[in-house]
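# Summary of structural features
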Amino acid sequence: MSQPNGPARSYNHLHTPRKFTSGKRRFSVYWTWSYPWEANRDTTEMDNRFSTMTEVRRVAWPAYEPVEFSQKMFLQGIAGTLELFHLSIVRFQEVVGAVTGWPVAVFQRIDQAGQKLPLDERILGDTDTLMVFGLDHMLTEQEASPEEIEAVRHFLAREGTCLILGPHHDVGSSADLKERAMEYAHHGDPLVPRQQRFGRYTRSLIKGLGVPVENRWGLRPATVQGTNRLVPLNTVRDLDTRGWLNGVPTFNFHMHLPHYALTTDDPKAIHVLARQPVDVSRPHPFVAAGNKEFNMFLWMPPAGDRAGDILLADSTIFTTLFGGDQSLESFWENIATR
């Protein structure tokens with residue numbers, strides 16, 4: 001994922017606003033975490049933290065043994081794992097940048113240097129598609145303020161805008177330790193603890209904007225036997241009038257994906273455009289309740305005073321941490337041109 005021969009990387013610079021150009025969408029990514037709070041978590045704590053890079057190297061050996069991930073070149077603690085997320089969206093930035101003609105701006109709620117940047121006009125003023133990646137652990141207390149919610153509502157009142165919300169999984173919410181063990185065995189990722197609850201910031205933003213969705217569980221998707229290729233999505237083409245999923249039979253594999261549960265019975269409020277078959281061979285409370293697929297990609301078309309679209313899709317769909325293919329890049333191109 002490193003880019004030794006790519007363009008020069010800059011850091012800790014002031015963002016240069018991008019001028020509006022008709023037909024050329026300006027994308028911005030907003031990581032909702034406090035980088036220092038996540039990176040400084042006590043590694044003796046079992047739950048609700050990211051893995052250290054050393055743990056990643058041990059589990060994924062020998063994938064991260066090249067020199068660029070060694071101690072002399074790469075952070076080995078939790079900070080190293082956070083940097084993997086940054087590296088994993090480089091391909092997305094390249095694809096979307098080539099389509100739109102604009103660089104994809106990346107912001108963090110609280111960055112490595114402790115600089116806090118709430119969602120406000122500094123970000124929203126030169127953005128057409130805002131991607132809010134909800135990878136903040138709930139115990140780090142990140143919440144959208146009333147001013148931020150109002151700023152995003154104002155942003156969505158502008159014609160042609162799009163908000164992509166990506167609250168991540170919610171593993172181990174039950175107090176029942178046997179149920180947590182079942183969840184852990186279901187997804188099968190040794191790097192995810194028995195409890196890993198994400199998305200306090202996105203939850204607060206979702207509530208403030210009246211989006212009738214809640215991220216639940218961490219579900220292992222069904223794959224083609226003997227591979228990590230996903231079983232195709234169950235898509236509702238009749239509802240996808242914008243063509244978000246044109247030429248997109250699958251997303252990419254990830255071991256623990258959230259179910260975006262609807263909290264409304266109004267079929268017009270939000271459209272579930274794609275459901276992903278779940279791996280029913282692995283016991284899980286969601287499977288035991290009779291479910292065979294989970295909500296993967298949702299769309300709220302413009303309505304009332306909201307002129308912009310709202311999409312829900314997990315942040316891992318925009319990364320290459322677990323691989324990617326033409327289907328995934330077609331999806332990226334679709335959201336860049338619709």
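Look up a bit, the structure's there.
The present account deals with the structure reproduced in this document. Nothing here was measured: the structure is a model prediction, and the numbers come from that model.

Conventions adopted
- Residues numbered from 1 in each chain as written.
- Predicted model: local features only at pLDDT ≥ 70, side-chain atom pairs only at ≥ 80, totals over all residues.
- Heavy atoms only, no water.
- Buried < 20%, exposed > 50% of the residue type's maximum accessible area, 1.4 Å probe, protein only.
- Helix = DSSP H or I, 4+ residues; strand = E, 2+ residues; numbered from the N terminus.
- Pairing = 2+ DSSP bridges.
- Arc of directions from axis to C-beta.
- Core = buried A, V, L, I, M, F, W, Y, C linked by side-chain atoms within 4.5 Å.
- Contact = heavy atoms within 4.5 Å.
- Salt bridge = Lys/Arg side-chain N within 4 Å of Asp/Glu carboxyl O.
- Axes fitted to C-alpha atoms, helices over the stretch in contact; angles between N-to-C directions.
- 1 Å grid on protein atoms, 1.4 Å probe; cavity = no way out; pocket = protein on both sides within 12 Å on 5 of 7 lines; lining within 4 Å.
- Points joined across faces, edges and corners; volume = space filled by probe spheres on them.
- Nonpolar A, V, L, I, M, F, W, Y, C, P; charged D, E, K, R; others polar.
- Parallel < 35°, antiparallel > 145°, perpendicular 65-115°, else oblique.
- Left-handed = near helix turned anticlockwise from the far one by under 90°.
- Phe/Tyr/Trp six-rings, centres within 6.5 Å; stacked < 30°, edge-to-face > 60°.

## Some thoughts on the pairing of strand S12 (residues 309-312)
Side chains of S12 alternate between two faces, with Asp 309 and Leu 311 and Ile 310 and Leu 312 buried alike. Strand direction decides the pairing type here: strand S4 (residues 162-167) and S12, joined by 4 bridges, are parallel. Within the sheet, the bridge partner assigned to Ile 164 lies in S12 and is Leu 311.

## Remarks on helix H6 (residues 146-156)
Glu 148, Ile 149, Ala 151, Val 152, Phe 155 and Leu 156 are the residues of H6 that are buried. Seen along its axis, H6 keeps its buried residues to an arc of 160 degrees; they face one direction. Turned more than 90 degrees away from the buried face of H6 sit Pro 146, Glu 147 and His 154, all of them exposed.

## Structural notes on the nonpolar core
Judged by nonpolar contacts, the single largest core of 47 residues is most densely connected at Phe 92, Met 131, Phe 251, Phe 297, Phe 318, Phe 331 and Ile 335. Looking at which element gives the most residues to this core, the answer is helix H10 (residues 326-337), with 5 residues. With sequence-adjacent residues up to four places away left out, Met 131 is seen in contact with Phe 27, Ser 28, Val 29, Tyr 30, Phe 92, Ile 164, Phe 318 and Ile 335.

## Brief notes about the environment of Thr 16
Examined against the element boundaries, Thr 16 turns out to sit in the segment before strand S1 (27-34). A relative accessible area of 59% places Thr 16 in the exposed class.

## Regarding the pattern of salt bridges
If you walk through the whole model with that rule in mind, you get 16 salt bridges. Close ionic contact of Glu 148 with Arg 109 constitutes a salt bridge, the shortest N to O distance being 2.6 Å. One end of the pair, Glu 148, is in helix H6; the other, Arg 109, is in strand S2 (residues 105-110), with 39 residues separating them in the sequence. For the pair formed by Glu 148 and Arg 109, the shared burial category is buried.

## Focus: the sheet that holds S4
What the 8 strands build is an open sheet, ordered S2-S1-S3-S4-S12-S11-S10-S8; its pairing is mixed. Every other strand in the sheet has two partners, leaving S2 and strand S8 (234-235) as the edge strands with one partner each. With 5 bridges connecting them, S1 and S2 associate as parallel partners. Note on S2: the bridge partner recorded for Ser 34 is Ile 110. Across the sheet, helix H8 (residues 200-209) lies against S1, S2, strand S3 (129-134), S4 and S12, angled at about 135 degrees from S4, the strand it touches most. Against the sheet, H10 engages S1, S3, S4, strand S11 (293-300) and S12, with an angle of about 110 degrees to S1.

## Some points on the layout of surface pockets
Size it by volume and the largest pocket reaches roughly 1500 Å³. Mapped by element, the contributors of at least two residues to the lining of the largest pocket are helix H3 (78-88), helix H4 (90-100) and S2. Taken together, the residues of the lining of the largest pocket break down into 13 nonpolar, 13 polar and 8 charged. Estimated volume of the second largest pocket: approximately 470 Å³. Forming the walls of the second largest pocket are 22 residues, and the residues nearest its centre are Val 56, Asp 189, Leu 191, Leu 321 and Phe 322. Taken together, the elements giving at least two residues each to the lining of the second largest pocket come down to helix H2 (53-60) and H3. Residues belonging to the lining of the second largest pocket are distributed by class as follows: 13 nonpolar, 8 polar and 1 charged.

## Describing the packing of H6 against H8
Where H6 contacts H8, the two axes come as close as 10 Å, and the packing angle between them is 60 degrees. Regarding the angle of H6 to H8, the classification is oblique. Considering how the two elements wind past one another, H6 and H8 form a crossing that is right-handed. Note on element contacts: H8 touches H6 through Tyr 201, Ser 204, Leu 205, Gly 208 and Leu 209, opposite Glu 148, Ile 149, Val 152 and Arg 153. A class-by-class count of the residues in the contact of H6 with H8 yields 5 nonpolar, 2 polar and 2 charged.

## Overview of the pairing of strand S7 (residues 213-219)
Here S7 lies mainly inside the structure; 5 of its 7 residues are buried. Two elements, S7 and strand S9 (residues 257-262), share 5 bridges in a ladder whose sense is antiparallel. From the neighbouring strand, Arg 216 faces S9, where its bridge partner is His 259.

## Focus on the side chain of Asp 128
Assignment of secondary structure puts Asp 128 in the loop between helix H5 (121-124) and S3. Among the residues examined, Asp 128 registers a relative accessible area of 5% and is labelled buried. Leave out the neighbours within four places in its chain, and Asp 128 touches Phe 20, Lys 24, Arg 25, Arg 26, Phe 155, Arg 158, Gly 160, Thr 161 and Cys 162.

## Remarks on the packing of aromatic side chains
Counting across every chain of the model gives 20 aromatic pairs. Consider the rings of Phe 69 and Phe 74, whose centres lie 5.1 Å apart with planes at 70 degrees: the pair is edge-to-face. Relative to Phe 318, the ring of Phe 92 lies with its centre 5.5 Å away and its plane at 75 degrees, an arrangement referred to as edge-to-face. Of this pair, Phe 92 sits in helix H4 while Phe 318 sits in the loop between S12 and H10; the two residues are 226 residues apart in sequence, bridging distant segments of the chain.

By themselves, these observations are geometric and do not establish any function.
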